[in-house]
Each structure stands twice: as structure tokens, then as C-alpha cells.
Amino acid sequence: MKKIKYQINKLRKKILKYDYFYHTLDQPIISDAEYDFLLNKLYNLELKNKKLFNFNSPTQKVGSYLLSKFKKSEHFSPMLSLENIFDLNGYLKFENRIKKYIVNSTIDFCCELKIDGIAVNLIYEEGNLIRASTRGDGYFGENITNNIKEIQSIPLKLKGLNIPKRLEIRGEIFMLKSDFIKLNKKYFINKKKYFSNPRNAAAGSLRQINSKVTAKRHLMFFCHGFNFFKDMESCQTHYEALLICERWGLPINKKILITSNSSEIFNFYKKFEKKRLLLDFDIDGIVIKVNSIYLQKKIGVNNKWPKWAIAFKYFPKEEITRLNYVKFQVGRTGLITPVAYFDPVCISGVIIRKASLYNKKEIKKLNLHENDYVLIRRSGDVIPKIVNVILEKRLKNSKKISFPKFCPICDSNLSVNQQDNVIRCFSGLLCEAQKKKFFNHFFSKNALNASGLGPKIINKLVENKIVLNLIDFFFLKIEQLKNIDKIGEKKSYNIIETISKSKKTTIKRFIYALGIFSVGELISEKLANYFNLINNIIYASEKELASINGVGKIIANNIFNYFSILENRKLIKDLLRVLYILPNKNNLINYKTSIFLNKNVVITGIFNSYSRKKMKEILKNLGANINSKVSKKTELLIYGKKYGRKFLDAKKTNIKMINEKEFDLLIEKYKLKN
Ligand code: IVH
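Residues numbered from 1 in each chain as written. Predicted model: local features only at pLDDT ≥ 70, side-chain atom pairs only at ≥ 80, totals over all residues. Heavy atoms only, no water.

Draft legend 1. Expanded view of a nonpolar patch on the surface. Residues Y358, V382 and I383 make up a contiguous nonpolar surface patch of about 290 Å² in total accessible area. Along the chain, Y358 falls in the loop between β14 (350-356) and α11 (360-366). (Patch = residues over 30% accessible without salt bridge, like charges linked within 9 Å, V, L, I, M, F, W, Y side chains within 5 Å. Areas by Shrake-Rupley, 256 points an atom, 1.4 Å probe, with all protein chains shown as cover. Salt bridge = Lys/Arg side-chain N within 4 Å of Asp/Glu carboxyl O. Helix = DSSP H or I, 4+ residues; strand = E, 2+ residues; numbered from the N terminus.)

Here it is as C-alpha cells:
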């Protein structure tokens with residue numbers, strides 16, 4: 001019992017501290033998910049140990065301490081929170097609970113967007129705004145009347161008819177994402193700090209002692225609740241009441257669905273889950289409310305939330321977690337990329353463990369320290385990114401993380417590549433990381449395609465010094481392989497077989513496999529078609545290389561530099577002894593004199609003697625660029641039967657058009673010439 005008491009007290013203290021950071025200072029120091037987990041744990045412990053119940057426990061509070069710089073003001077009716085659900089099942093449970101209150105009749109629900117902002121309470125008397133406060137602990141809030149009066153979308157005086165003598169309005173203050181970005185830019189210049197999201201920026205802007213600061217921040221407001229203090233005959237439903245508020249001049253969000261159908265509700269939820277990135281304000285879910293005011297009263301509230309409403313939440317887009325370490329990865333070309341590894345977090349339904357820190361500048365900007373707590377976001381809802389560090393949680397004396405001066409693998413000096421201003425290890429194949437990555441690339445699917453010779457095996461072979469260079473792969477023996485950890489005889493045989501098969505390759509694959517900086521598959525194909533023989537590439541001038549369509553000066557320079565290095569030329573010579581490079585399929589025709597060379601060609605329709613794929617292949621091998629649409633760039637259209645819109649587009653202009661027969665003739669003529 002003593003142990004449980006200690007555990008409960010510890011949890012209560014912890015949660016109260018997190019509440020203070022979240023509600024009072026607007027600086028959350030743990031993620032929502034982590035908070036919910038702790039609160040739930042406490043709730044269950046208290047449930048099992050009723051003797052230890054305490055009214056001051058965070059499980060009994062709506063949240064938030066008051067910040068002493070504002071005066072307190074009491075709410076007429078408590079400002080409650082909402083119960084959260086995350087899936088359809090949760091929603092169906094809610095619906096079943098509601099249905100118990102009303103038998104044999106359908107229940108209409110009012111579905112609204114759940115705005116991710118700051119809840120406020122506005123009091124109007126005789127139509128005049130007389131007081132405004134934050135939620136506070138649900139019973140007492142902070143009096144922020146002066147600041148609220150600076151928000152343009154909140155009317156100081158209501159207009160229209162039948163305005164009650166006293167009126168309580170509940171709603172959300174928020175900042176537009178576009179304004180948030182603008183504000184952060186200015187804020188960083190002046191204060192060298194960022195707000196981590198629009199909600200924090202809105203909260204910080206609202207709780208200003210000087211209301212003139214609030215005025216400048218461009219805050220917005222949507223009304224989503226009300227207390228009229230009297231029954232209004234014209235108003236039976238929540239939705240009707242919202243429309244009345246709107247007529248009095250209070251802004252409401254129009255994305256509302258009234259329905260009794262659960263699949264429509266689910267569709268509404270899904271629709272805005274997709275759309276939320278496109279909205280200019282953050283939403284964290286939808287709110288589903290029983291529409292009838294009579295029924296709401298009948299269903300009632302508990303001490304935390306109304307039982308007639310529920311928040312159907314989206315998975316959070318950001319989380320706070322602890323940084324474990326930063327690894328400086330060495331890429332195939334020696335590029336050093338810092339990667340942060342942290343305690344796993346679930347963001348938008350995906351578990352994330354690491355995020356790239358891109359470069360030295362980013363590390364400097366974030367000012368990361370060992371064991372820091374960091375805010376993670378999936379930018380564009382996909383790529384994980386560290387947004388900032390939670391400074392309040394930084395450990396004393398923790399060491400700053402900085403970019404290394406030496407390669408973490410081979411210990412050689414790192415230096416800045418002047419060409420692209422990134423940090424590289426220039427040791428090439430002398431650096432084991434680059435060696436492993438190069439070997440992996442050489443045998444990868446689009447290069448020599450030695451399927452079955454994956455990174456695990458290649459890395460083992462390098463680490464065990466079985467292969468010292470590329471050529472060694474082609475002379476491997478079963479005896480060398482079978483005793484290496486878990487490889488065994490059968491696998492050894494397969495490895496030798498796959499390497500042997502990969503010896504027969506194409507010139508395009510071979511060029512790509514060399515891993516020349518900036519030479520991907522497309523450029524490899526262009527080089528293969530242009531030169532036809534690897535020796536011609538090795539001795540090509542920089543000028544000739546740059547003249548090839550799509551290559552350009554920078555890539556030409558990289559290729560030229562690569563072949564100027566003696567070791568590279570030696571490697572190729574050795575490789576050509578063990579490999580068998582097939583001639584280019586369509587190179588019966590002399591590529592360099594092809595009239596299709598560098599021509600922008602579009603094809604449309606069906607052909608008698610060629611599939612579209614085949615025709616494209618022939619054209620590509622003749623040096624043409626195949627485009628999918630007719631544009632200003634297009635120089636030739638080849639059309640077959642049942643041609644489409646492209647034919648009509650080309651006809652409108654002066655583009656040369658030929659049919660299949662003419663195409664055949666062109667190729668024939670060509671072949672004869674050469
Ligand atoms: S209705 C009794 N409707 O979400 C509480 N709340 O997590 C009834 N919120 O405290 C609230 N958009 O501040 C309602 N359309 C909406 C909302 C909304 C955002 C906030 C509100 C509430 C919090 C609960």
C-alpha cells in the first residue's frame with residue numbers, strides 16, 4: 001500500500017507540473033500522448049485504490065493553473081473539456097451510450113471542426129462585451145478582457161435582435177498558419193527564438209500584459225458554444241443557436257455537418273483528416289455534439305466533460321521525445337549526414353525513430369545537446385524533422401553536439417566541398433564506410449543486379465577482409481564464404497552464382513555501377529547511347545561530354561574528373577577483364593549521326609509494328625527525348641491509329657508530324673546510310 005501511495009503521489013506531482021507548463025506557460029514539455037498515458041495510469045491506480053482518492057488529484061481537474069499576472073474571474077458555468085476518441089469503434093460506443101437516453105427515434109448530431117487553439121469565455125451584457133477570460137481550472141479563468149478587446153473578429157458590441165440581457169460565449173482563439181510563419185520570422189530576428197506551433201504562438205500572444213502586443217499579432221476567433229441564460233423558442237438545436245450567434249456578429253466556422261448517420265460522420269472525419277493540411281488553421285480532430293438542446297440537458301455532464309459531445313481526434317502531427325544520440329553517417333560519395341536517433345514516437349499513425357539533421361548549419365541552428373528533449377514533426381506529414389529543443393528539459397552540464405572534424409569511420413580530416421558547400425570525407429575507397437556503400441551500389445538492382453548479394457553479406461565480406469577490392473568478388477571461393485557467420489555452404493554457392501551471372505551486363509548498367517558523382521541512371525543511359533563503347537567515354541573531352549543533351553557542364557566535369565584519376569582507370573581496366581559488356585541493342589544505327597539526336601518527340605496512337613514501349617526504346621536509343629505532352633518544346637510528333645488529343649494539339653502548331661510508315665522509312669534510310 002505504501003508503495004502504491006508513493007507511486008500515486010509521484011504521478012500526481014508529475015502531471016501537475018506538466019499541467020503548469022502546458023496551460024499556464026504555454027510551453028508543453030511532454031507530448032499529448034505521453035500526458036494521456038500518465039493520466040490514464042493515475043486514473044486506473046486511483047480506481048483500484050479508492051482510499052487514496054483526493055479531490056486535488058489532476059484526474060479531478062479540467063486542467064490549468066492560473067498565471068498570477070492576470071486577475072481571476074469566475075465562470076458562470078464551468079468550462080469543461082471533451083472526452084477524446086481516436087477510432088470508429090470509440091465513436092460507436094459513444095453513439096450507443098447516447099441512444100440509451102432516447103429510444104425509437106433518430107438522433108441528430110452536429111459535427112464541427114475541432115480548432116487547435118485557446119478556449120476563451122466571453123461575457124456580453126446588453127450586447128456589450130464586458131469580460132473575457134481563459135479556461136483556467138474550469139471554474140476560474142484569467143481575466144484577459146483588455147487583450148480580447150484587441151482582436152478584430154470579436155465584436156465589442158453585438159448587433160441584431162433578441163440579444164439576451166446576459167450572454168456567455170465559448171470559443172477558440174487561434175492564429176492562421178500563414179500569420180504564424182510571418183510572425184516567427186520576425187520573432188526570430190528580434191528574440192532569437194521560435195514559437196513551436198500556431199497554438200503556442202496564439203497562447204503567447206493572448207497572455208500579454210501589454211494588450212497592444214496582442215493587437216499586433218492578428219489573432220482569430222470562432223464561436224462554438226453559448227449560454228443564453230434563458231430559453232429561446234426559436235432555437236431548439238445547437239446548430240440554430242450557432243446561426244443566431246453568427247447573426248449577432250460572432251464568427252462561426254461554416255464546416256458543419258448535421259446528420260444522424262454514423263458513416264456520414266466517419267466520412268466527415270476522414271475528409272478533414274485529408275484536407276487539414278490545406279486549411280490555413282490547425283485542427284486536431286472533429287467535435288461531435290448532440291444537436292438537440294433539450295437532449296443535451298437530458299444527457300447532462302460529468303465533472304470533466306459533457307456526456308453529449310465527444311472529440312474524434314486525429315493522430316498528433318508532432319511529439320516530444322528524448323534524443324538518444326546523433327550519428328554522423330558517411331555516404332557513398334563521402335558526404336557526411338548527421339542523423340538524430342530518439343525514443344520512438346507515433347506521429348500521424350507512424351512510429352518514428354530517427355530524423356535527418358541534414359547538415360552543419362541545421363545542427364548549429366537547433367543547438368542540440370546530449371539527452372535533449374526535442375519536438376518532432378513530420379513535415380508535409382511525411383518526412384520526420386526536429387523542429388526545436390525543449391530548453392526547460394535540458395540537463396545541467398549536458399554536452400553540446402557539434403559536427404566532427406574527422407571522419408567517424410576512417411578518422412581522416414573532413415573538409416568542405418567548395419562545389420556544393422557540404423562536408424565530405426575525401427578518403428574514397430580507403431574509408432570503409434564508402435567502400436561498403438560503393439560495393440553495395442555496384443551490385444545493386446539497377447547496376448550489376450546481383451540479387452541475393454545484399455548489404456548484410458557485402459558488409460560482412462568487407463569487415464572480415466575477404467574482399468579488399470571489387471575484383472575480389474569475382475574470384476570468391478566457397479571455402480572463403482561458408483565459415484562466415486550464418487552464411488553456410490548453400491548460401492555461399494548462391495552468392496558465387498549470382499556474382500557470376502552479374503558479369504554479363506550492359507554498358508548503361510556498368511556506367512551507373514561506377515557510382516560517378518551525379519551520374520544516375522538517366523545520364524548513364526545517355527552516355528551509353530552516345531559513346532557505345534566504354535573506352536570512348538574514358539577518353540572523351542569535357543567539351544564533348546557537356547554537349548550531350550541533359551549532361552551539361554557540371555556533370556561533364558564530374559565525369560571527366562572521375563576518369564582522370566589513375567586508380568579509377570585501372571579499376572575499369574581490371575573490371576573489363578572479368579565482365580562481359582553486351583553491345584547496345586539498337587546500336588546498329590550510328591547514334592551520333594541520328595536525326596533524332598536531342599530531338600523532343602511526342603508519340604500518340606497505336607502502331608502496327610511496334611508497341612509504344614518498343615517505339616520509345618528505339619527513339620531513346622537514337623538519342624531522342626520522349627515527352628508526354630505537346631508543348632512549345634516539341635519538335636516532332638509520331639502518330640499511329642486512334643491518335644489522341646496530342647495529334648490535335650500538334651496540328652494547331654507548326655510541329656512536324658509523321659506516321660508509322662514515314663517513321664519506318666526514316667529508320668530504314670538511316671540504317672542503309674550507315
Ligand atoms: S465544444 C464543453 N467545439 O476543444 C466543451 N470545443 O479538447 C465543449 N474546441 O475545450 C466544447 N473546437 O476549447 C467544442 N468546435 C468545437 C471546438 C472545441 C475546439 C476545444 C475547446 C474544448 C477543447 C477540448
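Draft legend 2. Seen up close, the pattern of salt bridges. Counted according to the given criterion, the structure contains 28 salt bridges. The partner of R166 in a salt bridge is E125, with the nearest N and O atoms 3.1 Å apart. Of this pair, R166 sits in strand β7 (residues 166-174) while E125 is found in strand β4 (residues 118-125), placing the two residues 41 residues apart along the sequence. Put simply, E463 and K436 hold a salt bridge, and the shortest N to O gap is 2.6 Å. In this pair, E463 is assigned in helix α13 (residues 455-463) and K436 in helix α12 (residues 432-442), connecting sequence segments 27 residues apart. Residue E463 is classed as partly exposed on the basis of its relative accessible area of 45%. (Buried < 20%, exposed > 50% of the residue type's maximum accessible area, 1.4 Å probe, protein only.)

Draft legend 3. Broad picture of the pairing of strand β10 (residues 283-290). Burial within β10 is extensive, with eight of its eight residues counted as buried. As paired elements, β10 and strand β11 (residues 309-313) share five bridges and run antiparallel to each other. Considered in β11, the bridge of I286 is made with F312. (Pairing = 2+ DSSP bridges.)

Draft legend 4. Summary view of the nonpolar core. Counting 54 residues, the largest nonpolar core has F443, F473, F474, L527, I559 and L575 as its most contacted members. Among the nonpolar cores identified, the runner-up in size contains 40 residues, and F70, C110, L158 and C223 belong to it. (Core = buried A, V, L, I, M, F, W, Y, C linked by side-chain atoms within 4.5 Å.)

Draft legend 5. Layout of the side chain of N529. Structurally, N529 can be placed in helix α18 (residues 521-531). The class of N529 is buried, set by a relative accessible area of 3%. At 3.3 Å, the side chain of N529 forms a polar contact with the backbone oxygen of K620. (Polar contact = N/O pair within 3.5 Å; in protein donor to acceptor, adjacent residues only side chain to side chain.)

Draft legend 6. Representation of the layout of surface pockets in the model. Volume-wise, the second largest pocket comes out at about 1100 Å³. Lining the second largest pocket are 32 residues, with G428, L429, Y562, I565 and N568 positioned closest to its centre. Broken down by secondary-structure element, the contributors of at least two residues to the lining of the second largest pocket are β18 (422-425), α12, α14 (470-473), α21 (552-564) and α22 (566-578). Considering each element in turn, the lining of the second largest pocket owes the most residues, five residues, to α22. Of the residues in the lining of the second largest pocket, the class split is 15 nonpolar, 11 polar and six charged. (1 Å grid on protein atoms, 1.4 Å probe; cavity = no way out; pocket = protein on both sides within 12 Å on 5 of 7 lines; lining within 4 Å. Points joined across faces, edges and corners; volume = space filled by probe spheres on them. Nonpolar A, V, L, I, M, F, W, Y, C, P; charged D, E, K, R; others polar.)

Draft legend 7. Layout of the sheet that holds β10. Read across the open sheet, the five strands follow the order β2-β11-β10-β3-β9; overall the sheet is mixed. Across the chains shown, the open sheet's two edge strands, defined by having one partner strand only, are β2 (84-85) and β9 (257-259). Of the strand pairs in this sheet, β2 and β11 are connected by two bridges, and their pairing is parallel. The residue bridging I85 from the neighbouring strand is F312, located in β11. Each of β3 (109-115), β9 and β10 is contacted by helix α8 (residues 238-247), which is oriented at about 55 degrees to β3, the strand it contacts most. This element, helix α9 (residues 262-275), spans β3, β9, β10 and β11 of the sheet and lies at about 15 degrees to β3. (Contact = heavy atoms within 4.5 Å. Axes fitted to C-alpha atoms, helices over the stretch in contact; angles between N-to-C directions.)

Draft legend 8. Highlighting the sheet that holds β4. Across the sheet, which stays open at both edges, the four strands sit in the order β5-β4-β7-β8 with antiparallel pairing between neighbours. The outermost strands of the open sheet, each flanked by one partner alone, are β5 (128-134) and β8 (220-227). Going across the sheet, the axis of each strand differs from the next one's by a mean of 30 degrees, ignoring polarity. Both β4 and β5 contribute to a ladder of six bridges, which runs antiparallel. If you follow E125 over to β5, its bridge partner there is N128.

Draft legend 9. Molecular detail of the site of the ligand. E112, K114, R135, E172 and K289 are the nearest of the 14 residues found near the ligand. A distance of 3.0 Å is found between an oxygen atom of the ligand and a side-chain nitrogen or oxygen belonging to R135. K289 is positioned such that a nitrogen or oxygen atom in its side chain is 2.9 Å from a nitrogen atom of the ligand. Among the secondary structure elements, those contributing two or more residues to the shell around the ligand are β3 and β10. Looking at which element gives the most residues to the shell around the ligand, the answer is β3, with four residues. (Near = heavy atom within 4 Å.)

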